[in-house]
Amino acid sequence: MIREIKSKIQLLTKPVIEKIAAGEVIERPASVVKELVENSIDSNASKIDIIIKDGGYSLIKVIDNGFGMDLDDIQKCLLRHSTSKISSSDDLYSIVTMGFRGEALASISAVSRFSVTSCPSHEGLGYSICTEGGNSSDIKPVSHIKGTTVTCQDLFYNVPARKKFMKSQKAERMAIVRLLEHMSISYPSVHFNLTIDGNVCFNVPQVDTPHLRIGQIVGVEIANRLIYCSGEKDFMSFDLYISHPRDAKARPRFQNLYVNLRRVDNDSVTYSIKEAFSRFIMSKLKATWFCFLEIDPSKIDINIHPRKKTVKFENEKELFSYLFDIIHSKISNIQEYDKTSHEEGNTQLQLVEENNKIYKKYESPHYTKEDSQQLELSFLSIFDDKGSTKDTGLKP
C-alpha cells in the first residue's frame, strides 16, 4: 500500500528545531551535568558544586568560581551556536577546550526551566537571564559573587514523550556520580562537590597530580599498586597507570582514556592496551587503567560525535604500535623481576624476612612513623624492576 503524501516540504518552526537539537545533545540528566560542568572547567574554575534533586529531573544546579560572564556574554549565551571557544572553521582543528559548538545551553533551555546568573569580577554586580522552554525573559542585574550559577529545573517538562522513556531516579543518580568520577580524574586541580537530595555523595578536594586524584576515586591502596608507563614521541606524549597482572579483574570498573584531558573512547587505544596486557593474564581477565594522551590538536578529530564521546587520530596504526610496545615492555620487565625475585635464594629470602619483621612492627599499636615509612619503601622495592620507585609508578 502506497501512503498518500498530503503536504509538501516545509520549514520547521523554531521550537521544533530546538527540541530536535536538544534530543541530540541532551540524552538524560547526566548529559546536562556533563555540559554544564565542562563549561565550568573551561571558565578556569577551581571549585565546582553540583546540586541534584530527584535524579536531576526536578533540579540540576552547577555553581563555579570561574571567569564569569559580563552583560554582553549573558545576552548571547543562550543563543544557538554562540561560543567563546572558536571563531572560524580552522579552529575546529586546534580545539583545546571541553566545549566548542555553542549548542549546550540553548539545547538545555529548550527542554527545561533554565536560568544563568554570572559575575565576571569581585565587585558583586552580576546579571541573570531566565528561560522557559526556550523563551527568554529580560536580563536583570543581581548580586552575585565572581563566577557562574546555572540552574536547570523540570527537565523535559515540555517533552513528555522523552520523559516517559527516562530511567529511574536511582539510575540517574548513579549515572551522575559515575560521570563526575570519570571527569574529575583528569582535573586534579579542581575541587568537585556533588550533593544529591541534600546529601554529599561525591567530594574530591584539589590535589597535585592525576595519580593522587585516582587515589581519591579508587582508593589509595589500589592506586599505589598501579604500574606507571610513559612515553613521548614527536607530536604526542602519554602517561598510563595500569594494574599489575595479578590485580586483573573480569569486570574492571575503570578503563579510562583521556585525550587532551577530555574523557573519550577510541578503539585503537583501548585495543592496544588490551593486547599488550593480555599476554600476561587469562583470557577472561582485564586490566584497570587510566591513560592520559597529550597530542597536537591538529592530529585528532573530536567533532565526530554529538556528545563528543569519541575521537579519531590521524595515524591510529602508528599510535597502536607505539602504545603496545611501551606497555608490553614495561609489564614484561616487572613480570621478569617478580620471577627473578623468587629465584634468587637467600638474598631475596632475607629481604622478605626483613619485610615481615617490619610488618609485625606495623601491626603493633606502638609502631613509629619511621617504621611505617620503612615498610612502604621496603614493600615497594620488591616490585621495582630498576631499583627506583619512580620508574614503576608505585608511589607511597
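Cut-offs and rules
- Residues numbered from 1 in each chain as written.
- Predicted model: local features only at pLDDT ≥ 70, side-chain atom pairs only at ≥ 80, totals over all residues.
- Heavy atoms only, no water.
- Pairing = 2+ DSSP bridges.
- Helix = DSSP H or I, 4+ residues; strand = E, 2+ residues; numbered from the N terminus.
- Axes fitted to C-alpha atoms, helices over the stretch in contact; angles between N-to-C directions.
- Contact = heavy atoms within 4.5 Å.
- Expected span 1.5 Å × (residues − 1).
- Buried < 20%, exposed > 50% of the residue type's maximum accessible area, 1.4 Å probe, protein only.
- Polar contact = N/O pair within 3.5 Å; in protein donor to acceptor, adjacent residues only side chain to side chain.
- Salt bridge = Lys/Arg side-chain N within 4 Å of Asp/Glu carboxyl O.
- pLDDT = per-residue confidence, 0-100.
- Parallel < 35°, antiparallel > 145°, perpendicular 65-115°, else oblique.
- Left-handed = near helix turned anticlockwise from the far one by under 90°.
- Nonpolar A, V, L, I, M, F, W, Y, C, P; charged D, E, K, R; others polar.
- Phe/Tyr/Trp six-rings, centres within 6.5 Å; stacked < 30°, edge-to-face > 60°.

Description of the sheet that holds strand E10 (residues 227–233)
Phase 1: Strand order across the open sheet formed by five strands is E10-E11-E14-E12-E13, with mixed pairing between neighbours. Edge positions in the sheet fall to E10 and strand E13 (262–264), since each has one partner strand and no second. The mean inter-strand angle of the sheet, taken between neighbouring strand axes irrespective of direction, is 20°.
Phase 2: Direction of pairing for strand E12 (residues 255–259) relative to strand E14 (residues 289–295): parallel, over a ladder of five bridges. Bridging from a neighbouring strand, valine 259 pairs with leucine 293 of E14.
Phase 3: Where helix H7 (residues 210–218) meets the sheet, it contacts strand E11 (236–242) and E14, and its direction lies at approximately 150° from that of E14.
Phase 4: Docked against the sheet, helix H9 (residues 267–278) engages E11, E12 and E14, running at close to 130° with respect to E14.

What about H9?
Phase 1: Along its 12 residues, H9 runs 16 Å from first to last C-alpha, staying within 8% of the 16 Å computed at 1.5 Å per residue.
Phase 2: By the burial criterion, the buried members of H9 are Ser268, Val269, Ser272, Ile273, Glu275, Ala276 and Phe277.
Phase 3: Its side-chain oxygen placed 3.1 Å from the backbone nitrogen of serine 268, asparagine 266 serves as the N-cap of H9.

Things to note about the pattern of salt bridges
Phase 1: In the structure shown here, the tally under the stated rule is 15 salt bridges.
Phase 2: A salt bridge links aspartate 154 to arginine 113; the nearest nitrogen and oxygen atoms lie 2.8 Å apart. With aspartate 154 in the loop between strand E7 (147–153) and helix H5 (160–164) and arginine 113 in strand E3 (residues 113–119), this pair connects stretches of sequence that are 41 residues apart.
Phase 3: The shortest N-O distance in the salt bridge between glutamate 181 and arginine 178 comes to 3.5 Å. Of this pair, glutamate 181 and arginine 178 both sit in helix H6 (residues 169–185), three residues apart, which is roughly one turn of that helix.

Quick notes on the confidence of the model for the chain
Phase 1: Mean pLDDT for the chain: 79, with 72% of residues reaching 70 or above.
Phase 2: Under a pLDDT of 50 for its full length, residues 355–369 has, in the predicted model, 15 contacts with residues more than four places off or in other chains.
Phase 3: Here residues 371–396 is modelled with pLDDT under 50, and outside its nearest four sequence neighbours on either side it reaches 54 contacts, counting other chains as well.

Here we look at the environment of serine 283
Phase 1: With respect to the helices and strands, the residue serine 283 is situated in the loop between H9 and E14.
Phase 2: Serine 283 gets classed as exposed once you look at its relative accessible area, which sits at 76%.
Phase 3: Taking C-alpha positions, serine 283 is 9.3 Å from alanine 250, a pair spaced 33 residues apart along the chain.

Here's the deal with the packing of H6 against H7
Phase 1: At their nearest, the axes of H6 and H7 sit 9 Å apart, and the two run at 160° to each other. Judged by the angle between their axes, H6 and H7 are roughly antiparallel. In this structure, H6 crosses over H7, and the sense of that crossing is right-handed. For the pair formed by H6 and H7, the contact residues are Glu181, Ser184 and Ile185 on the first element and Pro210, Arg213, Ile214 and Ile217 on the second.
Phase 2: Residue composition of the contact of H6 with H7, by class: four nonpolar, one polar and two charged.

Here's the deal with the packing of aromatic side chains
Each pair of aromatic rings is reported with the distance of its centres and the angle of its planes.
Phase 1: A complete count under the given rule lists seven aromatic pairs for this structure.
Phase 2: With a centroid separation of 6.4 Å and an interplanar angle of 80°, the aromatic rings of tyrosine 241 and phenylalanine 292 are classed as edge-to-face. With tyrosine 241 in strand E11 and phenylalanine 292 in strand E14, this residue pair connects regions lying 51 residues apart in the sequence.
Phase 3: Given a relative accessible area of 7%, tyrosine 241 falls into the buried group.
Phase 4: Judged by centre distance (5.5 Å) and plane angle (35°), the ring pair of phenylalanine 254 and phenylalanine 290 falls under tilted.

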